[in-house]
Amino acid sequence: MSEVLVLVDHVAGTVKKPTYELLAIARRLGEPSAVFIGGVDAAEAVADAVRGYGAEKVYVIDDSDIVGYLVAPMAEALQQLAAGKDLAAILLPSSAQNKEIAGRLAIKLGSGLITDAVDVAADGTTIQSVFAGSYTVAAQVTTGIPIITVKPNSAAPQEADGAGVVEHVTVTISDAAKAARVEDSRPRAATGRPELTEAAVVVSGGRGTGGDFGPVDALADALGAAVGASRAAVDSGWLSHTFQVGQTGKTVSPQLYMANGISGAIQHRAGMQTSKTIVAVNKDPDAPIFDIVDFGVVGDLHTVLPALTAQISRRKG
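Reading guide: rules and limits
- Residues numbered from 1 in each chain as written.
- Predicted model: local features only at pLDDT ≥ 70, side-chain atom pairs only at ≥ 80, totals over all residues.
- Heavy atoms only, no water.
- Buried < 20%, exposed > 50% of the residue type's maximum accessible area, 1.4 Å probe, protein only.
- Helix = DSSP H or I, 4+ residues; strand = E, 2+ residues; numbered from the N terminus.
- Pairing = 2+ DSSP bridges.
- Right-handed = clockwise from strand over helix to strand, strands pointing away.
- Contact = heavy atoms within 4.5 Å.
- Axes fitted to C-alpha atoms, helices over the stretch in contact; angles between N-to-C directions.

J.: For this particular structure, what's the right way to read the pairing of strand E13 (residues 226-229)?
T.: Along any regular strand the residues' side chains alternate between the sheet's two faces. Residues of E13 alternate between two faces, with Ala-226 and Gly-228 on one and Val-227 and Ala-229 on the opposite face, all of them buried. Pairing between strand E12 (residues 201-205) and E13: 4 bridges, direction parallel. Pairing of Val-202 across the sheet is with Ala-226, part of E13. Between the parallel elements E12 and E13, the chain passes through helix H5 (residues 214-223) in a crossover that is right-handed.

The following block contains the structure:
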């Protein structure tokens, strides 16, 4: 059975949920192997985590010669790891950085590339939502090793016993790959909420909030959800651009998306309509958002959301 390489998405050695989702997809395609690029002191903890989701091997690449640079060294490391292996695919969590890594890797390996897949079948056929979600496209890589970036929440993590054999891999990073160095970075302030693009539940607010995101925040906290916003809310200065969901913001695909006081213009729909379940609260019964929802409530979000939050809090105990 051919190997499937899965790039581990992690923060300081803590494995993030998209990795487990990709390991579930990888098992459809072949034998999953995790690729951890990070500090070697975290390797055993990472191996313990991913072997519980079916990883048969864990390739560890020391990032001491990689950290602090932009994406080129990562692409070189993956190229050297892939060389000479019988691979069914290389899977990466879909992010701005990983899509650039995947593109560089595809060129280096002479392989085809598919980005932002929302599903991958056992035969390697991918599903993408394109043109602002107006079309669904099925595609396959026909040249070289399929390199695929997959959006978070595209598959459910599935626990499985894997050998998780750790193999340390030495790579050589060229001077050319180190041409761009990160001189300064400013991490986001911790909010205690999940990352917007990775959250299983997203609660968003729009113009209908009138700038008062209190009910949205409270509901999000009750659900353990991320908070999002429409472009109108961001343009009004109520939230920063990092919260924007839409064609010019972030694309999300959670299990549950709640749109509150959001009309549902195509720009916003492009960023969220692949969500598994969509719920909308809006005072306007003719709002376009109701065309794509699974459940809709015609009402004032400032009345509906506090009542819903109170009910959830009572049930939680």
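Structure shown, so let's carry the discussion forward.
J.: Looking at this structure, how should I read the environment of Gly-38?
T.: Mapping Gly-38 onto the fold places it in strand E4 (residues 31-38). Residue Gly-38 is classed as buried on the basis of its relative accessible area of 0%. Separated by 26 residues in the primary sequence, Gly-38 and Ser-64 have C-alpha atoms spaced 7.7 Å apart. Beyond its immediate chain neighbours, meaning those up to four positions away, Gly-38 contacts His-10, Ile-61, Asp-62 and Asp-63.

J.: Even after reading the chapter, I still don't get the sheet that holds strand E5 (residues 57-62), so can you show me in this structure?
T.: Read across the open sheet, the 9 strands follow the order E9-E8-E7-E10-E6-E1-E4-E5-E11; overall the sheet is mixed. The outermost strands of the open sheet, each flanked by one partner alone, are strand E9 (135-139) and strand E11 (165-169). Pairs of neighbouring strands in the sheet enclose a mean axial angle of 35°, with direction left out of account. Examined bridge by bridge, strand E7 (residues 113-120) and strand E10 (residues 147-150) share 3 bridges and lie parallel to one another. Looking across to E10, one finds that Ala-117 is bridged to Val-150. Here helix H3 (residues 72-82) sits on the sheet in contact with strand E1 (3-7), E4, E5, strand E6 (87-93) and E11, set at roughly 140° to E4.

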